[in-house]
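The lines below spell out each chain.
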Amino acid sequence: MGPGLSITTSSCTGDDRLTTAHVYSSTVSDGRSWLTSDMTNDKQSWFRGVRSSKFRHVYGVPAKREKCYDNIKITKNAHDSQFCAVNPKFLAVVTEVAGGGAFLVLPLDRTGRLDFNASRVTGHTGPVLDIKWNPFNDNIIASCSDDCTIKLWHIPDGGLSRNLTEWLVELQGHKRRVAYIEWHPVAENVLFSAGFDHLVIVWDINRCEAVSVIDRHPDVIYSISLNRDGSLLATTCKDKKLRVFEPRSGIVVSEGVCHAGTKASKVVFLGSSGRLLTTGFSRHSDRQYAIWSQHDLTVPLTCETIDSSSGVVFPFYDNDTNMVFLAGKGDGNIRYYEAANEAPWMHYLSQFISGNPQRGLGMMPKRGIHTSICEVFRFYKLHATRGMCEPISMIVPRKSDQFQEDLYPDTIGTCPALSARDWISGMNSPPVLISLKTGGSISTHKPRVYKPPQLPPTTDLNNKKKFAFLSTETIPDYRPVELHDMSEKSQKTSSNQSTKFQQLQQKFGNVAMQKNIISSPLNDNKVMETVDVPNNEAELRLAFARQTDELRLVRRQLANSQLRVKELEDQVRKLQRQ
């Protein structure tokens, strides 16, 4: 065998550097071989090393059996919803009932096996399809149902002691069943709903009326999502299109074809980055995710295949850590990624694998997680094969139990940044943030509710008037008729008619709308104005609150105009100097 030469290369990584070993082998006549290795740095290698990330080793920890919620009759509805909602006080799960719709509400610390006859919310006449907690009031939950209505419920702090059938507010406007609901992330008492009548309705809870009706979908709506300040609304539809709306006017900002598959696709805004994440299916039924720019939906920034399973993938986004969680319905895997501001836009981290498939997942708000164990996210998993809700904590492995500043930036708090009136009038504002380091003092914002005074029944009032009339002393006049002073009697009658009670009765009694004559301070001309007359104390308080809001807006506009005047004056001075 003649002398030959062979070259092999092997690579190893150390401190993110690549070294290449060139091994030369030469055969000599006596059959012995010798090896010489030359280790050199190859900076132009195709291998880039491992991307550095503090969330690279995040792992999921399922709760122990005694910390789970067992013996729950989880709904078997095939609707693509989570059927679970959670906040730092309560856990709500949609349950299976015979006729009507109901969901279970438990205090978060009531773990273990649930009583079979536990109290539920049972006010809907059709199956409940979606539930969401109010982000600014942990005792208020909204639910939508097959009965075409949306209802708001108040849950007492200790939980339910009996079945709850009385709702706070009922919203009626959809012609078919209501599929999904979402609370506004910044404005108080603003709710979004999507129904099978192809409509998205924006509700003002204070007035129980629709602010805007978006009728731009030709088919069934699959999901809705709001950006961080609630100024844009994204939807996916059965016509395979992704749309971004301005929710107050219903104007389509952009639209484009989403995923080519026929199954449901889901969308979520990636915070305030200006990008969206969608999950769906390819033409060959492979599960995909895609990243989009909210200003241009014609072509995705990137589109990657996940796997070939058949369940719908639900996306979850954590704005504080920029982590994206993709959980498939019907399987037990939760994949998590880290979103980036440059290509490839998403970096795979790892996955949580479980042999128990999930029917739905509830997501704990950031103010409810445990910072002492470096927990960055917590799911509440509804098992598909048994009646159990299992908490799953996503933990960053760190040895110190001190507060980690880099893991917990300021997060969304419990105070709204805008009122419903301000947002409807066109104002936008970033959310009000709180520090998780002082998380023990976080309290839920509870708006004051003015209840009208409870008036006694009309029959009681009439009886009181009768008894008061009968108890008054009557003074008879025994003089002859011809001696009676008729002028005195007429004076008494006229004085009775001019009493304060008669004046108030003439002013407020039977007239709901009066025309008051108001003198203008600029001239002597009199202007006729129609004034709404309040009927009780509650209406007076509402009118006062309305006028206070208007005064606040006027003050803001005046301050803005003064700033504008100063800017214009400065520009005029500069021009005069030139």
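Here the structure is a predicted model, which means the values were calculated and not measured.

Some words on the packing of aromatic side chains
- Taken as a whole and judged by the stated rule, the model has 13 aromatic pairs.
- A ring pair is formed by Tyr 69 and Tyr 380, whose centres lie 6.4 Å apart and whose planes are at 45 degrees; its orientation type is tilted. Here Tyr 380 lies in strand β32 (residues 375-383) and Tyr 69 lies in strand β5 (residues 69-70), a separation of 311 residues in the sequence. Both residues of the pair, Tyr 69 and Tyr 380, belong to the buried class.
- Arranged with centres 6.1 Å apart and planes meeting at 85 degrees, the rings of Trp 153 and Trp 167 form a pair that is edge-to-face. On the criterion of sequence distance, the pair formed by Trp 153 in strand β13 (residues 149-154) and Trp 167 in the loop between β13 and β14 (169-172) is long-range, its members being 14 residues apart.

Regarding the sheet that holds strand β25 (residues 287-293)
- As summarised here, the arrangement of the four strands in space is β23-β24-β25-β26, forming an open sheet in which the pairing is antiparallel. The open sheet has two free edges, formed respectively by β23 (266-269) and β26 (302-307), since each of these has just one partner strand. Sheet twist, expressed as the average angle between the axes of neighbouring strands with direction ignored, equals 20 degrees.
- Direction of pairing for strand β24 (residues 275-281) relative to β25: antiparallel, over a ladder of seven bridges. Its bridge partner being in β25, Thr 278 is matched across the sheet by Ala 290.

A look at the pattern of salt bridges
- Applying the stated criterion across every chain yields a total of 27 salt bridges.
- The closest approach of N and O atoms between Glu 375 and Arg 378, which form a salt bridge, is 2.9 Å.
- Classification of Arg 378 by relative accessible area gives buried; the value is 6%.
- Because the salt bridges share partners, they merge into one network encompassing Arg 287, Asp 307, Asp 331 and Arg 335.

The rules we used
Residues numbered from 1 in each chain as written. Predicted model: local features only at pLDDT ≥ 70, side-chain atom pairs only at ≥ 80, totals over all residues. Heavy atoms only, no water. Phe/Tyr/Trp six-rings, centres within 6.5 Å; stacked < 30°, edge-to-face > 60°. Helix = DSSP H or I, 4+ residues; strand = E, 2+ residues; numbered from the N terminus. Buried < 20%, exposed > 50% of the residue type's maximum accessible area, 1.4 Å probe, protein only. Pairing = 2+ DSSP bridges. Axes fitted to C-alpha atoms, helices over the stretch in contact; angles between N-to-C directions. Salt bridge = Lys/Arg side-chain N within 4 Å of Asp/Glu carboxyl O.

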